[in-house]
Amino acid sequence: MRLIIRPNDRYPHLGLDRRPLAIACGEGWLGILHAFFTEADKVMAVGGSFTVLEVMEEKGVLHMHYAIAQIAPDARRAIDDACRLAAARSFHICEVCGRRGRLHTFGDLRKVVCSEHADGELGKGVPFEDPLNALDPYFPDVDPFIAARPTVTEFDAAPIIEGWLIEEDSEGGRRPWLYGWFFSEPVTRDGEHGHTSPIVQMDDMVPPRWVRTDTRLYRLGMCYPPAEREIRYWAQKLSRRPVPYGERPGGSDDMEAMLAFLRSSGRLRSTKIDRLEQAYREEQGHVNEVGKVRAT
Ligand SMILES: [Zn+2]
């Protein structure tokens, strides 16, 4: 599979902004690449030139080739270390989905996959038993980047957050957390709105399917654009009942009916509802615009 990364403002010191970067590996490794580029970007902030020549999956694991010039030896070493770490991590992360994985053989092919993706379009994979990287010992269980990633079994057993929203603490500097409607959660009643403890790590896939917080792992359900979500939130809250499992927060997809309900409830100021409605219309206009661009 071929991915395109548009470096935009994410890695301003890597000189990648001239053209999109084509990457020959599965999107399950996006998090590994992001961690590497972030580290390289930090090192390159002092100057010098960095050119990515190739990023690819080869014999099942991640390979990166790049050229660096005009930098101090210790800066070069830091980037090479980050590259080795990225390769070591790729032995333990499913290239398809980003959950915990291990190297498997599929006939002549090798792939790092999770237990779910070990049986897929390539056939049934056999776990690779030989030592992985004996010359460069690496312990995945003490690398928080790997340890936070769910196994398939843990993922399947995790509670769900529907209609989730990331909340950032703009002043206090605390780590972000999530709001949403919880299901199968040990503390919160099914269908109640609540928030998580701070986020440890979140799935890099788009849309993300899991999040690890200080207390536990959650699966992520639907998410809505901000104004739509807020209308759903108020419609649900004013109905004074939890969300039944399988139902959308707010009761349906009829946003006009929800807005009418908010107006008839008399519980919110009409200027607030006007603002929400206007934000929702703008949001929809934007969604349609993006849809059109994608369709052409
Ligand atoms: Zn997988």
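This is a predicted model, so every value here is computed, not measured.

Caption draft 1: View of the overall build of the protein. When you go through the protein residue by residue, the secondary structure sums to seven helices and 15 strands. Viewed in the frame of its principal axes, the protein has a C-alpha envelope of about 70 × 45 × 45 Å. The buried share among the 296 residues of the protein stands at 42%. Side-chain charges in the protein split into 39 positive and 45 negative, and the spacing between the mean points of these groups amounts to 3 Å.

Caption draft 2: Representation of the nonpolar core within the structure. If you look at the biggest cluster of nonpolar residues, it comprises 36 residues, and the most contacted ones within it are Phe 36, Phe 50, Met 64 and Ile 79. Breaking this core down by element, the ones donating at least two residues are β2 (21–23), α1 (30–44), β3 (49–58), β4 (61–69), α2 (73–90) and α3 (144–147). Looking at this core, the element that brings in the most residues is α1, giving seven residues. Aside from chain neighbours lying at most four places away, what touches Phe 36 is Phe 50, Met 64, Tyr 66, Ile 79, Ala 82, Cys 83 and Ala 86.

Caption draft 3: Up close: the coordination of the zinc ion. Taken together, Cys 94 (SG), Cys 97 (SG), Cys 114 (SG) and His 117 (ND1) make up the protein donors of the zinc ion, found 2.1 to 2.3 Å from the metal. Around the zinc ion, the four donor atoms sit at angles spanning 96 to 115°, and that spread fits a shape best called tetrahedral. For the zinc ion, the single-chain donor residues occur in sequence as C-x2-C-x16-C-x2-H. Here His 117 lies in the loop between β6 (109–113) and β7 (119–120) and Cys 94 lies in the loop between α2 and β5 (102–106), a separation of 23 residues in the sequence. The buried category is assigned to Cys 94, whose relative accessible area is 0%. Owing to a relative accessible area of 25%, His 117 belongs among the partly exposed residues under this scheme.

Caption draft 4: Summary view of the pattern of salt bridges. Considering all chains together, one arrives at 24 salt bridges under this definition. In this structure, Glu 57 and Lys 111 form a salt bridge, with 3.4 Å as the shortest nitrogen-oxygen distance. Here the residue Glu 57 occupies a position in strand β3, and Lys 111 occupies one in strand β6, the gap between them amounting to 54 residues. Given the relative accessible area of 19%, Lys 111 is considered buried.

Caption draft 5: Fine view of the sheet that holds β5. If you walk across this open sheet you meet the three strands as β6-β5-β9, and the pairing is antiparallel. Every other strand in the sheet has two partners, leaving β6 and β9 (126–127) as the edge strands with one partner each.

About the thresholds
- Residues numbered from 1 in each chain as written.
- Predicted model: local features only at pLDDT ≥ 70, side-chain atom pairs only at ≥ 80, totals over all residues.
- Heavy atoms only, no water.
- Helix = DSSP H or I, 4+ residues; strand = E, 2+ residues; numbered from the N terminus.
- Buried < 20%, exposed > 50% of the residue type's maximum accessible area, 1.4 Å probe, protein only.
- Lys, Arg positive; Asp, Glu negative; His and termini not counted.
- Charge placed at Lys NZ, Arg CZ, Asp CG, Glu CD.
- Core = buried A, V, L, I, M, F, W, Y, C linked by side-chain atoms within 4.5 Å.
- Contact = heavy atoms within 4.5 Å.
- Donors = N, O, S within 2.8 Å, 3.2 Å for Na, K, Ca; no water.
- Tetrahedral: all angles 85-135°; square planar, octahedral: opposite > 155°, others 65-115°.
- Salt bridge = Lys/Arg side-chain N within 4 Å of Asp/Glu carboxyl O.
- Pairing = 2+ DSSP bridges.

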